[in-house]
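Tertiary structure, described
Listed here are the chains, written in short residue letters.
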Amino acid sequence: MAAKKKTIRPKIANLSGKPPGDIKKPDVKTGFPIIGIGASAGGLEAFELFFKEVPADSGMAFILVSHLDPGHASMLAEILQRVTSIPVVEANNQMAVEPNHVYVIPPNRELTIFHGTLQLGVPGLLRGQRMPIDTFLRSLAEDAGEKAIAAIFSGSGTDGTLGLRAVLGAGGVSFVQDPATAKYDSMPASAIQNGLATFVFPVEKMYGEITDYVHTYLVRKIPSPLPPPEGKHQYIKILMILRTKTGHDFSLYKENTIRRRIERRMDMHSIEDPDAYARYLAENPSEVRLLFKELLINVTSFFRDPEAFEVLKTEILPPLLIDKPENYVFRVWVAGCATGEEAYSIAMVLRECMDTARHPLKVQIYSTDINEDAIAVARGGVYPPNIAIDISPERLRRFFIKEETGFRIKKEIREMVVFAVQDVTKDPPFTRLDLISCRNLMIYFEPELQNRLLPVFHYALNPDGVLFISPSESIGRFTDLFAPVNRKWKFYRARQFIPSARTERIFNLPVATGQAGRELAATPVGTNFVELTRGILLQAYAPPSVIIDADGTILYVHGDTGNYLRPAPGQASLNIMEMGRDGLQLGMSKAIHTAIKTKSHAIARGVPVRTNGGVHHVDITVRPLTDPGTAKELLIVSFRDAGPEEAEKSLHRTPPTGKGQSKRVKELEQELTYTRENLQAQMIEIQAANEELKSTNEELQSTNEELQSTNEELETSKEELQSVNEEIVTVNAELQAKIEQLTDIQNDMKNLLDSTNIGTIFLDQRLCVKRFTREAVHVFRLVATDAGRPLADVKSIIVSGDILVDIQEVLDTMVPREKEVQTTDDRWYLARFTPYRTLENVIDGVVITFTDITAIKSMEVEIRRAREVAENIIDTVREPLVVLDPEFKVVSASRSFYSTFQAAPGETIGRSLFELGDRQWNIPQLRELLETVLPERTSFENVEVDHTFPGIGKRKMLLNGRRIESDRGESRLILLAMEDITTRSPEKAPVKKGRGT
């Protein structure tokens, strides 16, 4: 669910009739709010900003959980006490939480809460793997339920994400610091991106919004002078809109779940009347989507109830796997999987069982949920680092791949699970299953929906398949469908196929709503023949009776029917026609057929029945059962001995006989008369049935022709589909090969980018981050969750100019640019901005690279300083000095050179020494020294030269030259020193004269 910033505080109606000042603070006597706050890096600053706004009499308790150094004492309590008047104490074991107090977690301890009392424990994980915020918030969710309030402030990592999920699942609320105001935004961003932020605010506004929420919650507890509507009827309009817009019906969910989640959305929009909120829903389709996500249950974790999974691994799965052939497909259905943790947990346990037994099978796990966003997360198979607290290190190493963003499910486990969007309450189930896991889903359903769901699970399971539900759920009265395997952790084995029970409950049981649904839920699924028979027999003076179905099978016997029915010889049977005594079958059959045909009661009077060698007459009454709770057509057959008058009438129906005719002949003639009447009636019925059969036969022939035509079309379509399927298989193989190639290329590119040690950021046309290399985090504070965020929202440590302007200009002009930038840690980078070109030569963003040139910049500074020192040294030398390149062009000259020979730098630098002035330095002896001596020798020293310089006169010069070589022995520069010794006395003249050394 995407979180929205709340801009308007709720305006709560004063239902209590008290002045507004009387409801400023929560009522401590009726329970005070406990706010759990988690933070990591940058949390101290956020804590200080938050508690500056909290008054001393807030009526709330605050519990702070932060990442502390386990080896040092914490000063957090003392620091916070300086900015707030509320008592700030370090939590102790078994300390009762009181209002108007702040409690701080101690270092190297795990903090939980149980019945309002703080519990301290020693962490079980190594430093760096601990998630103390998740641990505490989970315990707060269990302890406070829908009253739980959690807040996440600045911090790095993802600690707190799973804790917020537990709080929201319990019906609580979450407040998250706006990432734009957080010093480290990883923790707030993780909560928001996972849809777990109910409210998003800056820290300084957080307390006011928490107060508004608390006041709203308390005001809802004040009784209204008008009686509210009962149950969910006050939200019926809202549920109807949801069903119309989303196709999902929440009317059979638990009332408390629906109520508090709808009220939470109403609170966010300052709406108190459900009818007003229904109108708001109708006018805002986006709110329908947010409410739908609010109503979904998304509380799960890996290996939830670890002992249950241990039972699954050691007691349940081995018997299911042991006798399966190698080509057997073990099928599992995880209903209501949320973000997939349950399905992956079962997959890991199955893999471990098969490896232990060395009995590999193909496993197909169908994991379904109605939340499309949750299914998308499950398909991705990437989970935050917090899952380490629920999964053992061995399983993490074996079944997960460590990534920057957390852990990714390995391919061998991912391929075992298929995720799909499915509504378990209305969509067809999977079949031929060996295991069904539906945990913590049915607890949110009303009984009538549970009664519909459990027979569906039984229908989907193979005989002896296993149903796995949560400890808080049960199978109710469906003990005829499931047998317990482990009562503590709720494992049930499907009983053998029971046609009547299974078929009736799955296909004939209506799903009722409202009062009718509750009455139906209270009625046993099996017909209560005792109460049903008593009610009908009381109207007919309760004669001996039996209840039969349309096939004549006796379902229930009332009274003594021994004079009319008796067990038939041979294999035992409960068919009423087979059990009827001699003479009873014809009259009873006619009455039963008449009652079924006319849908009303039928009577056969004076039917003769032979018992114990004698004959007596019986009146048979057949009545259809019209009870609305009966799921199938039943009949009640009642027997009553005929009175003397009725028996006499029966005798007189036969022609008078001669005197002396035996009694036996009279009885036979009487039976013959009844037989003729019954045969006549049956012939009439048969003729009518034949007419109907003829008509039906004609319709069937016509239908058969249509089916034959359809079958031919299907055969043609089958051939076409087979051809298409072959093409798809071929294309799929090609795509698989392409995917493998793409994976290799991606691996190569990743290693290439990582090996260059050049920070690279790829931006799209909106200047949002697409991807980046690990070196880029030294310039921008990027984390893996920043993908998709504008680069302008990411903090950088660049202090020399705004590079966003350069990036935008590159995107506008398509011209690459580069500039040197400096960071706050005194490092220099060469930033290059290049348009991002696709293979189709389309500009689709900008590529930024940062090359570390700190060493180069340091060398430039050193060279510049050395040059300045050298130039200053040269300028202080009294004798003229000049530096020449290998072509005798002047590179530089000393200050005394310019003053002695009256030359200007502009006329000297870059020109040949022999062309300076009026070619005054074109001295043959000097040219010989430079062109002949220096190429052979390193230097020449104290060479006297007499030369007349224009404008200066004749001078005697003492020349010294040295060749400066490179590291490879190449001559790069020549240093030439000239000393004027014209006025020097002879005794001080140089002793040496020559061509050099």
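Quick note: structure is the one above.
The paragraphs below set out a description of the structure included in this document. Please read all numbers here as calculations on a predicted model, not as lab measurements. (Residues numbered from 1 in each chain as written. Predicted model: local features only at pLDDT ≥ 70, side-chain atom pairs only at ≥ 80, totals over all residues. Heavy atoms only, no water.)

**Considering the environment of R493**
Test applied: Every helix listed is a DSSP run of H or I at least four residues long, and every strand listed is a run of E at least two residues long, numbered separately from the N terminus. Only protein chains enter the accessibility calculation, which uses a 1.4 Å probe; a residue whose area is less than 20% of its type maximum is buried, one above 50% is exposed, and one in between is partly exposed. Only heavy atoms matter for contacts: two residues are in contact if any of them lie within 4.5 Å across the pair. Side-chain atoms alone can form a polar contact between residues adjacent in sequence; in general such a contact is a pair of N or O atoms within 3.5 Å, and within protein one must be able to donate a hydrogen while the other accepts it.
Within the fold, R493 resides in strand 20 (residues 491–494). Relative accessible area serves as the criterion here: at 25%, R493 is assigned to the partly exposed category. Setting aside chain neighbours within four positions, we find R493 in contact with L320, D464, G465, V466, L481, F482, A483 and V485. Here D464 takes part through its backbone oxygen, which lies 3.1 Å from a polar atom of the side chain of R493.

**Observations regarding the pairing of strand 27 (residues 769–772)**
What counts here: Pairing between strands requires that DSSP locate at least two bridges from one strand to the other.
As judged from the 3 bridges shared by strand 26 (residues 759–763) and strand 27, these two strands associate in the antiparallel manner. Across the sheet, residue L763 finds its bridge partner in strand 27, namely V769. The turn joining strand 26 and strand 27, which pair antiparallel and follow one another in sequence, is formed by 5 residues; a positive phi near 60° is taken by L767.

**Digging into helix 11 (residues 306–322)**
Worth spelling out the cut-off: Take the number of residues in a helix, subtract one, and multiply by 1.5 Å to get its expected span. Bend, at a single residue, is the angle you get between axes fitted to the 7 residues ending at that residue and the 7 residues starting at it.
For helix 11, built from 17 residues, the straight-helix expectation of 24 Å at 1.5 Å per residue is met to within 8% by its first-to-last C-alpha distance of 23 Å. Taking the largest bend as the criterion, helix 11 deviates by roughly 40°, centred on I316, and proline P318 comes between one and four positions later. Taken together, the buried positions of helix 11 are occupied by A308, F309, V311, L312, I316, L317, L320 and L321. Along its buried surface, helix 11 packs onto strand 11 (329–335), helix 12 (341–357), strand 17 (433–437), strand 18 (461–468), strand 19 (482–486) and strand 20.

**Structural notes on the packing of helix 9 (residues 274–283) against helix 10 (residues 285–295)**
Threshold: In this analysis an axis means a line fitted to C-alpha atoms, helices contributing only their contacting stretch, and an angle means the value between N-to-C directions, from 0 to 180 degrees. Here roughly perpendicular refers to angles of 65 to 115 degrees, roughly parallel to angles under 35, roughly antiparallel to angles over 145, and oblique to all remaining angles. Under the convention adopted here, Pro, Cys and the residues Ala, Val, Leu, Ile, Met, Phe, Trp and Tyr are nonpolar, Asp, Glu, Lys and Arg are charged, and Gly plus all remaining residues are polar.
Interhelical geometry of helix 9 versus helix 10 gives an angle of 115° and a closest axis separation of 5 Å. Considering their axes alone, helix 9 and helix 10 lie roughly perpendicular with respect to each other. In this structure, helix 9 contributes Y277, Y280, L281 and E283 to the contact, and helix 10 contributes P285, E287, V288 and L291. Tallied by class, residues from the contact of helix 9 with helix 10 come to 6 nonpolar, no polar and 2 charged.

**Overview of the pattern of salt bridges**
Threshold: Only one rule defines a salt bridge in this text: a Lys or Arg side-chain nitrogen within 4 Å of an Asp or Glu carboxyl oxygen.
With the rule as written, the count across this model stands at 25 salt bridges. Where R259 meets E263, a salt bridge forms, and the shortest distance between an N and an O atom there is 3.7 Å. Residue R259 and its partner E263 are both found in helix 8 (residues 255–268); the two are separated by 4 residues, about one turn of the helix. Here R408 and E403 are joined by a salt bridge, their closest N and O atoms 2.7 Å apart. Judged by its relative accessible area of 32%, R408 falls in the partly exposed class. Each of D806, E809, R817 and K819 takes part in one network of salt bridges that share partners.

**Points about the sheet that holds strand 24 (residues 614–624)**
Strand order in the open sheet made by the 5 strands is 22-21-25-24-23, with antiparallel pairing throughout. In this open sheet, the two strands that pair with only one neighbour each are strand 22 (554–558) and strand 23 (602–611). Adjacent strand axes in the sheet meet at a mean angle of 25° when their direction is disregarded. Pairing between strand 21 (residues 545–549) and strand 22: 4 bridges, direction antiparallel. If you follow I548 over to strand 22, its bridge partner there is I554. Taken strand by strand, helix 21 (residues 584–598) contacts strand 21, strand 23, strand 24 and strand 25 (634–641), and its axis lies near 160° from that of strand 23.

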